[in-house]
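Spelled out from the first residue to the last, the chains are:
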Amino acid sequence: MRLTLRSVNRGCARVLVGCLVLPIVLLGILGALVAVLHVGPPAEVFPAPVTGQRVYDTAGIWSDATGAQAEIIIRAIEDRTGAQVVAYSQGVPGPVDDATIRAQAAALGNQWRVGRAGFDDGEVVLFDIEPNRVHGRIAIVGGDGFRVAYVSDQTAQQIIDERMLPWAARPRPDYDTALVQGLAFINPMVTPEAASRLQLARQVNAVVGIVLAPVLFVLLLGWPLLQWLRFGRDPVYLDDASILLPAPPDGLTAATGALLYDGQFSRRVLTTAMLDLASRGELRFEQQKGLLSKKVLVFPDGLPAATPEDEARRRLNARRPLSDAETYALGKLRAQGGSADEALSDAELLAFGKEASHFQEEIEAHAVAQAWFTAPPQKVMNRWLIQGAIVAVVAAIAFFAGLNVPMSGLVLLGVLLGIAGLATCGIALAMPARTKDGARVRAMLSAYRRTLQKT
């Protein structure tokens, strides 16, 4: 009989899903989320800036002397630290709220690229003036680097409330003094020492994002892949669709066969054990039809065979072995109560369901004792799932910490660690490995299954 090698085995397919499809889906979701979060005002809302100019009075509320004084203060800040500040006034058709003016200030900073690239150390001081030139609103909005190193959002609002509004909110507003007072309070806070700390933070951010994040990603994703390549793959056992088998392999229980075929424990393994016990006359199932649904009753004590054919069939089924797992399940079912004429109640079945974990341990131990698995499948998966979950938790901490600091390198680290952690959880499903004998028996099960399908 000629045998051919399968093109792709199930374990390899699972690993491909865990390592490629899952990260791609995650990146797609992340990209969509970033796109949604970064939707802002349209580009080119404001006129193009003038090279070298930092104060723009399009609303006509500041005197020439105030504009010159503000330019001097802003130039001193820029010469001392490299940080950039822009003061801008504009007329608005009516009242605006805080969210609107802050969005306008952020749009101006983004459009004009206020602040150095990579440092994000720019700040916009924006005056929105209503047509009566008496009422308006002020906003001070800085880039991430400026807020972290020099003036936080809380401090900026304090400057507006305590230094600028007392002059701008008068019956006869003094916008000149309001601007100068605000800039004069910001000026001493923008120090070379703070600029040095910002430079150091930028270097650390670059190391975390460019070096540490990719290295950890490769290591944390490469380690489970390497372990799967070395220990998690099933031995290749030749199989072909033309191979048929007239009976299941010797010494194999039905439940262990389901475990071996699937490669891991599932509810089907327990169901197979129950059906195996019923085929031997140890249990009995009876379907009860209702108006809207059907219910299956379980009787823990089987009935005597009704015909000689039933008795012969039971003897034939009983020739196959039972493991300690099936014996344990049968004992627990009968311990719940009931008789040949009394079905188990829903509460008793629920109590039996709690024993599934111990049944799983027993059936996996039996498969390992038969040298069909290298280790209990659930323990192997749990070990890798825990590792993947730990990496994912660390990734979440790094991601949200990077958003709060803010620190783009830490955000990237969180994203890559999250992909590595989720991919590890995907690889965990393919980690339980059959031995050579286990792969052989599984191939025999496949052949027997094909026989049943054809006959």
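Everything discussed here concerns the structure shown above.
Structural notes, computed from the coordinates. (Residues numbered from 1 in each chain as written. Predicted model: local features only at pLDDT ≥ 70, side-chain atom pairs only at ≥ 80, totals over all residues. Heavy atoms only, no water.)

A look at the overall build of the protein
Part 1 of the argument: Check the secondary structure of the protein and you find 16 helices and six strands.
Part 2 of the argument: For the protein, buried positions account for 41% of its 455 residues.
Part 3 of the argument: As displayed, the protein offers around 24,300 Å² of accessible surface, 61% of which is attributable to carbon and sulfur atoms. (Helix = DSSP H or I, 4+ residues; strand = E, 2+ residues; numbered from the N terminus. Buried < 20%, exposed > 50% of the residue type's maximum accessible area, 1.4 Å probe, protein only. Areas by Shrake-Rupley, 256 points an atom, 1.4 Å probe, with all protein chains shown as cover.)

Notes on a nonpolar patch on the surface
Part 1 of the argument: Taken together, the side chains of V207, I210, V211, V215 and L219 present a nonpolar region at the surface, about 470 Å² in accessible area.
Part 2 of the argument: Here L219 shows up in helix α7 (residues 192–232). (Patch = residues over 30% accessible without salt bridge, like charges linked within 9 Å, V, L, I, M, F, W, Y side chains within 5 Å. Salt bridge = Lys/Arg side-chain N within 4 Å of Asp/Glu carboxyl O.)

Observations regarding the side chain of E364
Part 1 of the argument: Position of E364 among the secondary structure elements: in helix α13 (residues 356–369).
Part 2 of the argument: Of the buried charged residues, E364 lacks a salt bridge, with K379 as the closest side chain of opposite charge at 7.3 Å.
Part 3 of the argument: Setting aside anything within four residues of it in sequence, one finds E364 in contact with L259, F265, P376, P377 and Q378. (Lys, Arg positive; Asp, Glu negative; His and termini not counted. Contact = heavy atoms within 4.5 Å.)

Structural notes on the packing of aromatic side chains
Part 1 of the argument: Under the defined criterion, the tally for this structure stands at nine aromatic pairs.
Part 2 of the argument: Considering the side-chain rings of F146 and Y150, the 5.1 Å spacing of their centres and the 65 degrees angle between planes classify their relative orientation as edge-to-face. In terms of burial, F146 and Y150 fall into one category: buried.
Part 3 of the argument: An aromatic cluster is defined as three or more aromatic residues linked by ring pairs; in this entry it consists of F46, Y56, Y88 and W112. (Phe/Tyr/Trp six-rings, centres within 6.5 Å; stacked < 30°, edge-to-face > 60°.)

Some points on the sheet that holds strand β2 (residues 84–91)
Part 1 of the argument: If you walk across this open sheet you meet the four strands as β1-β2-β3-β4, and the pairing is mixed. Every interior strand has two partners, whereas the edge strands, β1 (55–57) and β4 (136–142), have only one. Averaged over all neighbouring strand pairs, the angle between strand axes comes to 10 degrees, with direction disregarded.
Part 2 of the argument: In terms of strand pairing, β1 meets β2 through three bridges, oriented parallel. Within β2, the residue paired with V55 across the bridge is A87.
Part 3 of the argument: The strands touched by helix α5 (residues 153–168) are β3 (122–129) and β4; relative to β4, the strand with the most contacts, the crossing angle is about 150 degrees. (Pairing = 2+ DSSP bridges. Axes fitted to C-alpha atoms, helices over the stretch in contact; angles between N-to-C directions.)

Concerning the packing of helix α9 (residues 267–279) against α13
Part 1 of the argument: Contact geometry for α9 and α13: axes closest at 11 Å, N-to-C directions at 85 degrees. The angle between α9 and α13 places the two elements in the roughly perpendicular class. Across the interface between the two elements, R267, V269, L270 and A273 of α9 pack against A356, F359 and I363 of α13.
Part 2 of the argument: For the contact of α9 with α13, the residue count by class is six nonpolar, no polar and one charged. (Parallel < 35°, antiparallel > 145°, perpendicular 65-115°, else oblique. Nonpolar A, V, L, I, M, F, W, Y, C, P; charged D, E, K, R; others polar.)

So, the environment of R313
Part 1 of the argument: Tracing the sequence through the fold places R313 in helix α10 (residues 308–318).
Part 2 of the argument: Among the residues examined, R313 registers a relative accessible area of 47% and is labelled partly exposed.

Keep in mind that these numbers describe shape and distance, not what the molecule does.
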